[in-house]
Amino acid sequence: MTTEALAPPRKMRSGEVAVLLLLPIALINAIGFILPVLNLARFSFNKVSIGGGIENVFTWENWLGLLADRFYLELIFNSVWISLAITLTTLILSYPIALYLHRSSGPWRTFLTVLVISPLLTSAVVRTYGWIAILIDDGPVVSAIRALGLPAPSLMFNIKGVFIGLTEILMPYMILALMAGFGRLDPRVEEAARTLGATPARTFRKVILPLTLPGIALGCLLCFVLAVSSFITPKLMGGGRVFLLATEIYDQAIVTLNWPLASTLSILVLIVFGAALWAYSAVLRRLD
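Only a predicted model underlies this, so the values are computations on that prediction, with no experimental measurement involved. (Residues numbered from 1 in each chain as written. Predicted model: local features only at pLDDT ≥ 70, side-chain atom pairs only at ≥ 80, totals over all residues. Heavy atoms only, no water.)

Taken together, I31, F33, I34, L35 and L38 make up a surface patch of nonpolar side chains, about 520 Å² in accessible area. Secondary-structure assignment places I31 in helix α2 (residues 14-43). (Patch = residues over 30% accessible without salt bridge, like charges linked within 9 Å, V, L, I, M, F, W, Y side chains within 5 Å. Areas by Shrake-Rupley, 256 points an atom, 1.4 Å probe, with all protein chains shown as cover. Salt bridge = Lys/Arg side-chain N within 4 Å of Asp/Glu carboxyl O. Helix = DSSP H or I, 4+ residues; strand = E, 2+ residues; numbered from the N terminus.)

Now the structure itself:
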């Protein structure tokens, strides 16, 4: 037998093992995400024909028209600030719930966690229709306000209804993200602060809040991205009167068949996502 036949098999290096392990998911991401995004980017530089087809010509018309049209500039601005406002409201409403769940224990914590997760088991379409039944003009909320002798506001087919519906739909995501980030919150640190004479408000401001900032950043990133990309709730509860990026992409792609403009708006949404991820990374670096 030769020396090569008797030699032990070569051990794979850690880098080679990592490449082999990452190769399947890299191929899946390339096929399912990167290639479609590149195709969208290509469409954004094409031109729509009169019959709704796509002319395979390179043009900056879509991007220049997008930046020059006041309607689309207001659409981008409204989508961003509404998503930020929904994210902030969701954080304010979810933080006490997540903190209480974090401090709970035993079966009570399990029961409350199931209550938090249970809305995610229902389709967003069903939950949106549920809010429509509650917020319509002859629904229980408006009827109760009228019974009190107060002027009844219109809560449907406007930004108010979209705001309420999206806030409730995104709360489970925010609560779960906050609970995932509460791992750094040590009860002994709170006890030490109280022992040193800190009031509950000062303990929250100086101890609890700084330790939970990573969870807050994660929850805000998740809810902002979901709010910007949300389509079902703004479409149904807005009644066609609330114009956001996701609803406009649908109208351009399905109603007017202007795929190049819809692709341009989709790439713009990805740019907004990238800006949100950059802000999240900057916040984490500052916290570290």
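Let's shift gears to helix α8 (residues 159-181). With 23 residues, α8 extends 31 Å from end C-alpha to end C-alpha; this agrees with the ideal 33 Å at 1.5 Å per step. At M171, α8 shows its maximal bend, which comes to roughly 40°, and the proline P172 appears one to four places after that position. If you check the start of α8, you find a side-chain oxygen 3.1 Å away from the backbone N of K160, and it comes from N158. (Expected span 1.5 Å × (residues − 1). Bend = angle between axes of the 7 residues up to and from the residue. Polar contact = N/O pair within 3.5 Å; in protein donor to acceptor, adjacent residues only side chain to side chain.)

Within the chain, F157 stands out as a residue other than glycine whose phi angle is a positive 60°. You will see that L257, though not glycine, has its phi angle at about 60°, which is positive. Within the secondary structure layout, L257 lies in the loop between α13 (245-255) and α14 (259-287).

On to the state of the cysteines. With the rule as written, the count across this model stands at 0 disulfides. Between C223, a cysteine without a disulfide, and C220, which holds the nearest cysteine sulfur, the sulfur-to-sulfur distance is 7.2 Å. Exposure remark for C223: the relative accessible area of 0% places this residue in the buried category. (Disulfide = S-S within 2.5 Å. Buried < 20%, exposed > 50% of the residue type's maximum accessible area, 1.4 Å probe, protein only.)

Moving on, we get to the packing of α8 against helix α11 (residues 213-228). The N-to-C vectors of α8 and α11 enclose an angle of 155°; their axes lie 7 Å apart at closest approach. One way to sum up the angle between α8 and α11 is to call them roughly antiparallel. Between α8 and α11 lies a crossing of right-handed hand. Facing α8, whose interface residues are L170, Y173, M174, A177, L178 and G181, α11 presents G215, I216, L218, G219, C220, L222, C223, L226 and A227. When its residues are assigned to classes, the contact of α8 with α11 shows 12 nonpolar, 3 polar and no charged. (Axes fitted to C-alpha atoms, helices over the stretch in contact; angles between N-to-C directions. Parallel < 35°, antiparallel > 145°, perpendicular 65-115°, else oblique. Left-handed = near helix turned anticlockwise from the far one by under 90°. Contact = heavy atoms within 4.5 Å. Nonpolar A, V, L, I, M, F, W, Y, C, P; charged D, E, K, R; others polar.)

One can find M174 in helix α8. Spatially, the C-alpha atom of M174 lies 15 Å from that of V114, the residues being 60 residues apart in sequence. Among residues more than four places away in sequence, those in contact with M174 are T87, T90, L91, S94, G219, C220 and C223.

The next subject is the packing of aromatic side chains. Inspection of the entire model under this criterion finds 10 aromatic pairs. Their ring planes at 80° and their centres at 5.0 Å tell us that F45 and W60 sit as a pair that is edge-to-face. One end of the pair, F45, is in the loop between α2 and β1 (47-48); the other, W60, is in the loop between β2 (54-55) and α3 (61-68), and 15 residues separate them in sequence. Ring geometry for Y95 versus F204: centroids 5.8 Å apart, planes at 90°, classification edge-to-face. With Y95 in helix α4 (residues 70-103) and F204 in helix α10 (residues 200-211), this residue pair connects regions lying 109 residues apart in the sequence. (Phe/Tyr/Trp six-rings, centres within 6.5 Å; stacked < 30°, edge-to-face > 60°.)

Looking now at the packing of α4 against α10. Where α4 contacts α10, the axes come no closer than 13 Å and their chain directions differ by 75°. Classified by the interaxial angle, the pair formed by α4 and α10 is roughly perpendicular. Here Y95, L99 and R103 of α4 come into contact with α10, specifically with F204, I208 and L209. Residues belonging to the contact of α4 with α10 are distributed by class as follows: 5 nonpolar, no polar and 1 charged.

Take the pattern of salt bridges next. In a structure, side chains of opposite charge can pair up when their charged atoms sit close to one another. What the rule picks out here adds up to 3 salt bridges. A salt bridge links E74 to R70; the shortest N-O distance between them is 3.1 Å. Of this pair, E74 and R70 both sit in helix α4, separated by 4 residues, roughly a single helical turn. Residue R70 is classed as exposed on the basis of its relative accessible area, which comes to 64%. Note that R127 is salt-bridged to E168, the shortest N-O span being 3.5 Å. Residue R127 is located in helix α6 (residues 124-135), and its partner E168 is located in helix α8; the two are separated by 41 residues in the primary sequence.

It is worth spelling out α11 at this point. Its 16 residues give α11 an end-to-end C-alpha distance of 22 Å, which sits within 8% of 22 Å, the value for a rise of 1.5 Å per residue. Buried residues of α11: P214, G215, I216, A217, G219, L221, C223, F224, A227 and V228, and no others.

Below, the discussion takes up the domain arrangement of the protein chain. Per the domain assignment, the segments making up the protein chain are domain 1 (2-43) and domain 2 (65-287). Here the C-alpha centre of domain 2 lies 37 Å away from the C-alpha centre of domain 1. If you look at the interface, domain 1 gives 4 residues, while domain 2 gives 5 residues. Around 420 Å² of area is buried between domain 1 and domain 2 when both sides are counted, 80% of it from carbon and sulfur atoms. On the domain 1 side of the contact with domain 2, V37, L40 and F43 bury the most area, a combined 86% of that side's loss. Connecting domain 1 to domain 2 are 0 salt bridges. Remark: the boundary between domain 1 and domain 2 carries 0 residue pairs in polar contact (both at pLDDT 80 or more). Along the lines of polarity and charge, the residues of the side of domain 1 that touches domain 2 split into 4 nonpolar, no polar and no charged. (Domains from an automatic or database assignment. Buried area = accessible area lost by both parts, 1.4 Å probe.)

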